[in-house]
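Here is how the chains run, residue by residue.
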Amino acid sequence: MSPAILLLLALGLGLAGWLAARARAWGFKRASGGTRLAALPTYHAWYVALWIVVPVLLFIIVWSAIAPQLIVNSVLASPIAADLPEFGMQRQQILSEARAAASGSTTALFNPASRDFVEPFREAISRTNWIGIASTLAIALLGGIWSFLRLKPDFTARTRVERAVMVVLLLASLIAILTTLGILASLVFETVRFFGMVDPWSFLTGTHWGPDPMANPDNPDPTRYGAIPLFWGTIFIGAIIAMIVAIPLGLMSAIYLTQYANPKLRAWVKPALEVLAGVPTVVYGYFAALTVAPAIRDIALSLGAANPSTESALAAGLVMGVMIIPFVSSMADDSIAAVPQAMRDGSLAMGATNSETIRRVLIPAALPGIVAGVMLAISRAIGETMIVVMAASTAANLSANPLDRMTTVTVQIVKMLTGEGSFDHPATLSAFALGFVLFMVTLGLNFVALRVVKRFREAYE
Amino acid sequence: MSERTAPTRTAVFEKRLKKRYSSERRFKALGMGAILFSVFVLAFLLVTMTLNGIGGFQRTELTVPIDFTQTGIAANAETLAQSGAVQSLEAQGLPEVVQFAAQQRVGDEGAAELGSQAWRLVANAIVADPTILDREVSFDLPASEDLSAAYSGDGKAALQPLAQRLAEQGHLSNNFDEGFLTRSDATDPQEVGIWGALKGSILTMIITLALAFPIGVLAALYLEEYAPKNHWTDVIEVSINNLAAVPSIIFGLLGLAVFLWLFPNMRSAPLIGGMTLALMTMPVIVIAGRNAIKAVPPSIRDGALAVGASPVQVVFHHVLPLALPGILTGTIIGMARALGETAPLLMIGMRAFVATPPDGFTSPATVLPVQIFLWSDEIDRGFVERTSAAIIVLLLFLLLMNGLAIYLRNRFEKSW
């Protein structure tokens, strides 16, 4: 029984309860000759519907988690299960094949031994389904009858329904905490497993990166897990090359748009810059790999560079910089706009030119906001994946030459987790350790950026 | 009174002023240059993609007339309505018939370069309209990848004269390929389409919207309207703001470690992809929602409270409807970001070769950006065009969504 059917059943029962309760509340009203009820009939209806749907939903969640286990247990309890091979792959395979056949999702049986189990499985599944439906009905009836009997003309249904609404609102906002915890838990758990195999010190300080997913997982070579070249590649592409492009261009665009441009130009250019931010990163990656990287190689060749690569750090960094421009410009735009007009007017009145005013008055006043914007941009650039996956290389390289092949943390995460390696292999787990470092660094950058804004932004009264 | 002020405009002053003015002009030009550069890059990107992509909506086709009265293929409307119709046509030798017809028309050499799946097109045409079995019909059948490359001027040099000859005789041409929008992934660029990926994207977006929108709106309502000012509220606020800044690939790691651990059989299903993207989109909706709710003036709340509404009624009857346009704008922008997102979906296995469109939320699927990524790895010239064409489709969707957001903003923007 798929949870979807139970869900529909629950909603149907809830609707029935809703209608019945509303009719009863109207009945109170008519019987008492039009005196006011303590709550509108709709709230009585919602009260009963909640008492039916919520317990059933909780039951469905629990049930869909334990039902598969119940089915397997009841099959194993049958006498023919004694013939099964001992624990291991074969046993699992027989069971899962028979199960798939019994539920009708496949017709092909590769293992003859599983044929005997199809019938027991089918029986167990249908028995479990009936238990599920019966329990759903029972719970719905219990909740419905109990709440229905509580309805009275002076029953304060509204406050109770509203209390339930508040609980839902609170739960919705707790999802954010749950997600954060989920991210931390999944990263930390796998990272700890990884550090059980590879020493954290050699991971954080080693200068050679070359995990071998085919090597023996029990005895990894810690010298192959030195992540320094990855960190360097990430910083070089995301925080150096991309920022050399993005900071001046973004800042100058923001200055021009806020200080010089007439409203008409502004109305056109600002959305255009926003489009630049809205282009999917996979498109930038394709653009970088297809157009920019070969162009850079050709230019480098004509300038006499010795065998430049088509997967140079420069191509990925340049395109990433272009992607970041709107990000920098909108942050700079906001903080320049926050500087009071009086300061600008004062400077102009003293005879300064526009550019002098901007350079000596506006920019210094807006600096905390600009710095915070740049930090957020960096945190975005080092977490950016698709551009570097498509345009940068997978070869870890500790070099300061922008025409060299270089790789980044995100490229390695993708490479390690989309390969063939098993989940217990240190090479696969290293992706989680890299993800953990990335998570901490981006969070740190964001945290500092927010602090900078809070602490150093001038408050103009 | 003989005191004389020195002339302000001395030569030194003039010189300095000139310098300052030219520096002003330089600065202004620099700003203009920065904007021009950004706009130029955007235009260059779009033009490159469009020029490459226009070819992707076409394919090289051989025009082959087939006279079905001569072929001896027997079928009637009844048998063709059954499910195995295409297989039964194959068993009756339709592939050979098509091959023979091609030989008659373009010679052995040309027929050898007919796409290996070309007969399926004929079979589908017969299934759709069995009456064509009684007459001669001319089909535009996909040429092989090699011939297609030769026709566009590269690829195997040996095939180029053939392609030229066929084109001169009018047998070979590039036609608009409406099938590109209705087929799925394949190994041959002549056979691929984006419908499978597009459908996967739509299914994934439905899940994302169904999860992220209610949760995001409810959380925004709670934080903005009811949350007490205490430590817990701070923790919730900080974690939402942090989530908005977490790199998308980290959400992929979360999906991989948590969702695929909970549902191990659903690798690359839109359900898992949608759940992962929903966690990523939710903070965006919360932040947009809070701003929209904040913009609703307090007088509205006070008015409702004054006539006896409860706090819950105030929010759901008055504040939420007024804030909804703003929330929707934020939601559409968040969804547009989710639609273009690739990295987290790679993590949860939506990078498999999926040749049939997904038929549900739990069947294996791929999405448009991932399809673009997968095709970009193919070195074939044909795939380059197809990739650009898929990018055009993706960008059109994003443009539509952003246009809708701007329209909503302008239509419902209110100043109180």
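Residues numbered from 1 in each chain as written. Chains lettered and ligands numbered in written order. Predicted model: local features only at pLDDT ≥ 70, side-chain atom pairs only at ≥ 80, totals over all residues. Heavy atoms only, no water.

Trainee: So what exactly am I meant to see when it comes to the overall build of chain A here?
Mentor: If you tally the helices and strands in chain A, you get 15 helices and 0 strands. Relative to the globule expectation of 23 Å for 461 residues, the C-alpha radius of gyration of chain A, 32 Å, shows a markedly less compact shape. Put simply, 71% of the contacts in chain A that link residues at least 6 apart link residues at least 24 apart. Per element, the accessible surface of chain A, about 22400 Å² overall, is 66% carbon and sulfur. Seen as two clouds, the 31 positive and the 26 negative side-chain charges of chain A have centres 16 Å apart. (Helix = DSSP H or I, 4+ residues; strand = E, 2+ residues; numbered from the N terminus. Rg over C-alpha atoms; globule rule 2.2 N^0.38 Å. Contact = heavy atoms within 4.5 Å. Areas by Shrake-Rupley, 256 points an atom, 1.4 Å probe, with all protein chains shown as cover. Lys, Arg positive; Asp, Glu negative; His and termini not counted. Charge placed at Lys NZ, Arg CZ, Asp CG, Glu CD.)

Trainee: Even after reading the chapter, I still don't get the sheet that holds strand β3 (residues 172-176) of chain B, so can you show me in this structure?
Mentor: Adjacent strands of a sheet form backbone hydrogen bonds with each other and so pair up, either parallel or antiparallel. Residues and elements named next belong to chain B. Spatially, β2-β1-β3 is the arrangement adopted by the 3 strands of the open sheet, whose pairing is antiparallel. Every interior strand has two partners, whereas the edge strands, β2 (136-142) and β3, have only one. On average, adjacent strands in this sheet sit at an angle of 45 degrees to one another, irrespective of strand direction. (Pairing = 2+ DSSP bridges. Axes fitted to C-alpha atoms, helices over the stretch in contact; angles between N-to-C directions.)

Trainee: Just to check I follow, could you spell out the packing of aromatic side chains for this structure?
Mentor: To describe a pair of aromatic rings, one takes the distance between the centres and the angle between the planes. By the definition in use, this model includes 17 aromatic pairs over all chains. For the ring pair F40 of chain B and F44 of chain B, a centre distance of 5.9 Å and an interplane angle of 15 degrees mean the geometry is stacked. Pair noted here: F40 of chain B and F44 of chain B are both in helix α1 (residues 11-56), with a separation of 4 residues, about one helical turn. Note on F40 of chain B: relative accessible area 52%, which makes it exposed. Among the residues examined, F44 of chain B registers a relative accessible area of 38% and is labelled partly exposed. Clustering of aromatic rings is evident, with ring pairs tying together F194, F195, F203, W209 and Y225 of chain A. Between R380 of chain A and the ring centre of F327 of chain A, over which it is positioned, the NZ or CZ distance is 4.9 Å. (Phe/Tyr/Trp six-rings, centres within 6.5 Å; stacked < 30°, edge-to-face > 60°. Buried < 20%, exposed > 50% of the residue type's maximum accessible area, 1.4 Å probe, protein only. Lys NZ or Arg CZ within 6 Å of the ring centre and 35° of its normal.)

Trainee: What should I look at first to understand the packing of helix α8 (residues 195-226) of chain B against helix α11 (residues 270-295) of chain B in this one?
Mentor: When two helices pack together, you describe them by how their axes are tilted relative to each other and by the distance separating the axes. At their nearest, the axes of α8 of chain B and α11 of chain B sit 6 Å apart, and the two run at 35 degrees to each other. Handedness of the α8 of chain B/α11 of chain B crossing: right-handed. (Left-handed = near helix turned anticlockwise from the far one by under 90°.)

Trainee: Mind showing me how you'd approach the interface of chain A and chain B here?
Mentor: Interfaces are often sized by the accessible area lost when the parts come together. Taken together, the contact pairs 71 residues of chain A with 67 residues of chain B. Summed over both partners, the interface of chain A with chain B comes to about 6200 Å²; 81% of that surface belongs to carbon and sulfur atoms. One can count 1 salt bridge joining chain A with chain B. Note that R20 of chain B is salt-bridged to E356 of chain A, the shortest N-O span being 2.8 Å. The leading source of residues in the side of chain A that touches chain B is helix α5 (residues 157-197) of chain A, at 19 residues. Taken together, the residues of the side of chain A that touches chain B sort by class into 48 nonpolar, 19 polar and 4 charged. (Buried area = accessible area lost by both parts, 1.4 Å probe. Salt bridge = Lys/Arg side-chain N within 4 Å of Asp/Glu carboxyl O. Nonpolar A, V, L, I, M, F, W, Y, C, P; charged D, E, K, R; others polar.)

Trainee: When you look at a positive patch on the surface in this model, what are you seeing that I'm missing?
Mentor: Together, R359 and R360 of chain A together with K15, K19, R25 and R26 of chain B make up a positively charged patch on the protein surface. The set of elements that each furnish at least two residues to the positive patch consists of α12 (354-383) of chain A together with α1 of chain B. Among the elements that line the positive patch, the one with the most residues is α1 of chain B, at 4 residues. Inspection of the secondary structure puts R25 of chain B in helix α1. Given the relative accessible area of 56%, R25 of chain B is considered exposed. (Patch = residues over 30% accessible without salt bridge, like charges linked within 9 Å, V, L, I, M, F, W, Y side chains within 5 Å.)

Trainee: It is not clear to me how helix α4 (residues 94-112) of chain B should be interpreted in this structure. Could you clarify?
Mentor: The periodicity of an α-helix, 3.6 residues per turn, causes residues three or four places apart in sequence to face the same way. Residue and element names in this part refer to chain B. With 19 residues, α4 should reach 27 Å at 1.5 Å per residue; the first-to-last C-alpha distance of 16 Å falls well below that figure. Within the sequence span of α4, burial applies to L94, P95, V97, V98, A101, A102, V106, G110 and A111. Where α4 is buried, its residues contact β1 (58-67), α3 (85-91), α5 (118-128), β2 and α7 (160-168). (Expected span 1.5 Å × (residues − 1).)

Trainee: What is the right way to look at the nonpolar core in this model?
Mentor: Burial of nonpolar side chains together is a common tendency in soluble globular proteins. Among the nonpolar cores identified, the biggest contains 187 residues, and I183, I255, Y284, I324, I413 and L434 of chain A together with I250 of chain B are the most heavily contacted of them. Ranked by residues supplied to this core, first place goes to helix α7 (residues 228-260) of chain A with 17 residues. In contact with I255 of chain A, other than residues within four places in its own chain, are Y260, I336, I358 and I363 of chain A together with F27 of chain B. Counting 35 residues, the second-largest nonpolar core is a separate cluster that includes L94, V97, F139 and L162 of chain B. (Core = buried A, V, L, I, M, F, W, Y, C linked by side-chain atoms within 4.5 Å.)

Trainee: In this structure, what is going on with α5 of chain A? I would like to understand it.
Mentor: Taking 1.5 Å per residue, 41 residues should reach 60 Å; α5 of chain A reaches 59 Å between its end C-alpha atoms and fits that length. Within α5 of chain A, the axis deviates most sharply at L174 of chain A, by approximately 25 degrees. (Bend = angle between axes of the 7 residues up to and from the residue.)

Trainee: Hey, could you run me through the environment of M49 of chain B in this one?
Mentor: In this structure, M49 of chain B sits in helix α1. Every residue in contact with M49 of chain B, bar those within four places of it in the chain, is listed here: V283, Y286 and F287 of chain A together with S388, I391 and I392 of chain B.

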